[in-house]
Amino acid sequence: MTPVFELTRAVDRADIDQVGHVGNLEYLKWLLAAAEAHSAAVGLTWDRYRALGGVFVVRRHEFDYLGAALEGDELLVRTWISSTARASSTREYEILRGPTRLLRGTTLWAFVRLDTGRPCRIPEPVLSAFGIET
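Residues numbered from 1 in each chain as written. Predicted model: local features only at pLDDT ≥ 70, side-chain atom pairs only at ≥ 80, totals over all residues. Heavy atoms only, no water.

## Remarks on the overall build of the chain
Along the chain, the regular secondary structure elements total three helices and five strands. Counting from the amino terminus, the chain carries its helices and strands in the arrangement β-α-α-β-β-β-β-α. In terms of overall dimensions, the chain is globule-like: its C-alpha atoms have a radius of gyration of 16 Å, near the 14 Å expected for 134 residues. Judged by the C-alpha coordinates and their principal axes, the chain covers about 45 × 25 × 25 Å. Residue burial in the chain is summarised as follows: out of 134 residues, 40% are buried. Intrachain contacts of the chain at a sequence separation of at least 6 include 66% that bridge at least 24 residues. Surface exposure of the chain reaches about 7,500 Å², of which carbon and sulfur atoms provide 51%. For the chain, the distance from the average position of its 16 positive side-chain charges to the average position of its 17 negative side-chain charges is 8 Å. (Helix = DSSP H or I, 4+ residues; strand = E, 2+ residues; numbered from the N terminus. Rg over C-alpha atoms; globule rule 2.2 N^0.38 Å. Buried < 20%, exposed > 50% of the residue type's maximum accessible area, 1.4 Å probe, protein only. Contact = heavy atoms within 4.5 Å. Areas by Shrake-Rupley, 256 points an atom, 1.4 Å probe, with all protein chains shown as cover. Lys, Arg positive; Asp, Glu negative; His and termini not counted. Charge placed at Lys NZ, Arg CZ, Asp CG, Glu CD.)

As structure tokens, this is what we get:
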């Protein structure tokens with residue numbers, strides 16, 4: 001497991017759906033933004049991925065919604081890589097309001113070549129940037 005990366009997020013009116021709480025699509029956007037920010041924080045920007053010739057793409061999301069986030073809430077979005085395989089990684093997430101977990105989730109990411117879109121081995125520089133020993 002890699003170190004946990006954290007972002008804070010204030011819920012504003014635009015995040016609220018017709019039911020009066022944060023909509024599912026907003027949660028997904030926040031989780032993907034946290035994954036992208038985590039990558040950038042370890043030096044894996046889009047330009048770096050392009051130079052390496054590959055990038056992570058989503059294969060599967062699985063989320064458990066445990067509570068509702070409301071307008072004005074201050075949230076903590078946490079993410080970390082829990083495991084890697086030859087051409088994939090599993091990233092975990094949680095969203096907290098104080099000590100209360102509102103969401104937990106997992107995304108399976110595949111590493112693919114930019115020129116073919118086909119899965120390929122995760123390059124060592126990507127693994128080492130995330131602190132994963134090879």
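Right, picking up where we left off after that structure.
## Focus on helix α1 (residues 24-41)
The terminal C-alpha atoms of α1 lie 26 Å apart, and with 18 residues this matches the ideal 26 Å at 1.5 Å per residue to within 8%. Taken together, the buried positions of α1 are occupied by Glu26, Tyr27, Trp30, Leu31, Ala34, Ala35, His38 and Ser39. On its buried face, α1 is in contact with β1 (5-10), α2 (46-52), β2 (54-65), β3 (74-84), β4 (88-97) and β5 (100-113). Two residues or fewer after α1 comes glycine 43, characterised by a positive phi angle close to 90°. (Expected span 1.5 Å × (residues − 1).)

## Comments concerning the environment of leucine 32
Within the fold, leucine 32 resides in helix α1. Through-space distance from the C-alpha of leucine 32 to that of valine 58 is 9.7 Å; in sequence the pair is 26 residues apart. For leucine 32, the contacting residues outside a window of four places in its chain are Val58, His61 and Trp109.

## Some thoughts on the packing of aromatic side chains
Under the counting rule described, the total for this entry stands at seven aromatic pairs. Relative to phenylalanine 56, the ring of tyrosine 49 lies with its centre 6.2 Å away and its plane at 85°, an arrangement referred to as edge-to-face. The pair formed by tyrosine 49 and phenylalanine 56 is uniform in burial state, with each residue classed as buried. Pairing phenylalanine 56 with phenylalanine 111 gives two aromatic rings, centres 5.0 Å apart and planes at 80°, and the pair type is edge-to-face. Taken together, the residues phenylalanine 56 in strand β2 and phenylalanine 111 in strand β5 connect sequence positions 55 residues apart. (Phe/Tyr/Trp six-rings, centres within 6.5 Å; stacked < 30°, edge-to-face > 60°.)

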